Amino acid sequence: MDHTKKPVVEALETFLASRPVSFHVPGHKHGLLSGLPEGLKAALRYDVTELSGLDDLHAPAEMLAEAQTMLAHVYGASQSYFLVNGSTVGNLAMIRTVCASGETVLVQRNAHKSVFHALELASVQAILLTPEWDEATCTAGSVSSATVREALERHPDAKGVVVTYPTYYGTTGNELQTIVGIAHERRIPVLVDEAHGAHFIAGAPFPPSALKLGADIVVHSAHKTLSAMTQASFLHVNSQLVDVDRLTRTLSMLQTSSPSYLLLASLDDARAMIAAYSEDDKQAFLAWRREFIGQLSAIKALEVIETEDPLKILLRQKEASGYTLQHSLEEEGIYTELADERQVLFVLPLLTVAISYPTQSICEAIDSAVQRLRGAGEPVPENNESIEETPHKLVITTSAQSKKDTTWMPAESAIGLELAAAIIPYPPGIPLVLSGEKLNPQLIQEICHMMDSGAKFQGAVRANGPTTEFEVLRAQGEDCNG
Ligand SMILES: Cc1ncc(COP(=O)(O)O)c(C=O)c1O
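What you are looking at is a predicted structure, and each value in this text was computed from that prediction instead of being measured.

S.K.: Looking at this structure, I do not really get the site of the ligand. What am I missing?
M.R.: The ligand sits among 14 residues. The nearest are Ser-87, Thr-88, Asp-193, His-196 and His-223. The separation between an oxygen atom of the ligand and a polar side-chain atom of Ser-221 is 2.8 Å. A distance of 2.7 Å is found between an oxygen atom of the ligand and a side-chain nitrogen or oxygen belonging to His-223. A total of 390 Å² of accessible area belongs to the ligand in isolation, and the protein chains cover 89% of it. If you list the elements that add at least two residues to the shell around the ligand, you get α4 (86-98) and α8 (222-225). In terms of residue count, the dominant contributor to the shell around the ligand is α4 (four residues).

S.K.: Honestly, the pairing of strand β9 (residues 233-237) in this entry has me stumped. Any pointers?
M.R.: Taken residue by residue, a regular strand's side chains alternate between the two faces of the sheet. Counted residue by residue, β9 has five buried out of five residues, so it is predominantly covered. Along β9, one buried face is formed by Ser-233, Leu-235 and Val-237 and the opposite face, lined by Phe-234 and His-236, is buried too. Here strand β1 (residues 79-83) pairs with β9 via five bridges, running antiparallel. In the strand pairing of β9, Leu-83 is matched with Ser-233. As paired strands, strand β8 (residues 217-220) and β9 are joined by four bridges and run antiparallel to one another. Looking at β9, one finds that Ile-217 is bridged to Val-237.

S.K.: Sorry, what's going on with the packing of aromatic side chains here?
M.R.: Centre distance and the angle of the planes are the two values used to describe a pair of aromatic rings. Counted according to the given criterion, the structure contains seven aromatic pairs. Through pairs of rings, three or more aromatic residues link up here, namely Phe-206, Phe-285, Trp-288, Phe-292 and Tyr-357. Sitting over the ring of Trp-408, Arg-462 keeps its end group 4.1 Å from the ring centre.

Reading the values: rules and limits
Residues numbered from 1 in each chain as written. Predicted model: local features only at pLDDT ≥ 70, side-chain atom pairs only at ≥ 80, totals over all residues. Heavy atoms only, no water. Near = heavy atom within 4 Å. Polar contact = N/O pair within 3.5 Å; in protein donor to acceptor, adjacent residues only side chain to side chain. Areas by Shrake-Rupley, 256 points an atom, 1.4 Å probe, with all protein chains shown as cover. Helix = DSSP H or I, 4+ residues; strand = E, 2+ residues; numbered from the N terminus. Buried < 20%, exposed > 50% of the residue type's maximum accessible area, 1.4 Å probe, protein only. Pairing = 2+ DSSP bridges. Phe/Tyr/Trp six-rings, centres within 6.5 Å; stacked < 30°, edge-to-face > 60°. Lys NZ or Arg CZ within 6 Å of the ring centre and 35° of its normal.

Structural data, given as structure tokens:
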């Protein structure tokens, strides 16, 4: 297959070359009516719709079918799909495809919020799998095969296993293949949120791709590590255990009827990019990375942590929290993927022989940001397993009790009450506490501490002046006006 071809990009170019006159949506008419600055407006020429010759994402038969076939070929899938609502819609679709309302699925506890939203929308019961603690990154890592086996023995009616591989921090563990084997013995599929691993098919030292390890459905944020535009993702299926027609139908229900051709073209381009990524490109990236890490390691008071995914590194300034380091880096024009109490996370560029990043000027800027914080003396937590991401037992969660009344309460009064929605530090978007779980003093203290340190939250927590409030379910029979 000729992967230098880009069917979507080429069809758009051919269409525009015909100097089309627009009497169709979108209303900006190839950008003519747009008030955007020139640079942004230029892209609107390509923002078209399902016109003759431009195919239909929901019934692909022309260039979109060809492009998706090429995508499946690169990843070794039997069928692949372009997603225009991120891996979020992939996670929603894969769970809804495999589970009907009221059925049970095993889910890694430190999954992205979109996985929990999928469970809620599909009214699926989740058995939460406790992940292993990852010492290197000080975060919850992957689940062990022993945990999955035990859960399946206790819940033989489970319809599937949902895992995150890699985690946001680049942790993969080395048990995915075993987990797939255990699930397949029982004839149930393994659904993998590989949002952060679309580049894994570049081969070692990148971890093996989930599809290679036998996963049944895999979701990739092509925009996270490849060249696609934000929101543009892939979904792949390679399984006898998945109803592909149902998956196609579900995606068609969940995705917009007006998919952006800019996003579709960028997905086509991202496929071509990873297909063309050669051994020489990878060696060029690895050489640049060695040089970069070497220079970073020479910076006083800075610690560099490598993860299982060579595309991610963590930086720690021993006297400052990750949030403070992030802020200081931003003052130097360096923007990180995320910060937590200990560290910041860098997503490195998947460079090629032809494309490089300067190291010297970047390292000088990082050096200035780090030295500015010398003597900051901020307390940085020990590498203890954090309560935030490690529930110590398997828990059954029911879907959100959206019909019950909710109320906002100050922390002291919220102890022991069920949360009305999840509490989600963002980024990374992994719920600390789930909807329906109860608040305890330790959790409240942890959340308040994180807020004070600079963490941003979505969901059932807010600052109301000096008071931290939580959104909880009212006790049954409690006066809704009270
Ligand atoms: C592990 C994981 N899964 C899924 C998602 C959702 O991806 P998207 O932003 O492409 O919808 C994210 C987003 O950060 C994520 O980190």
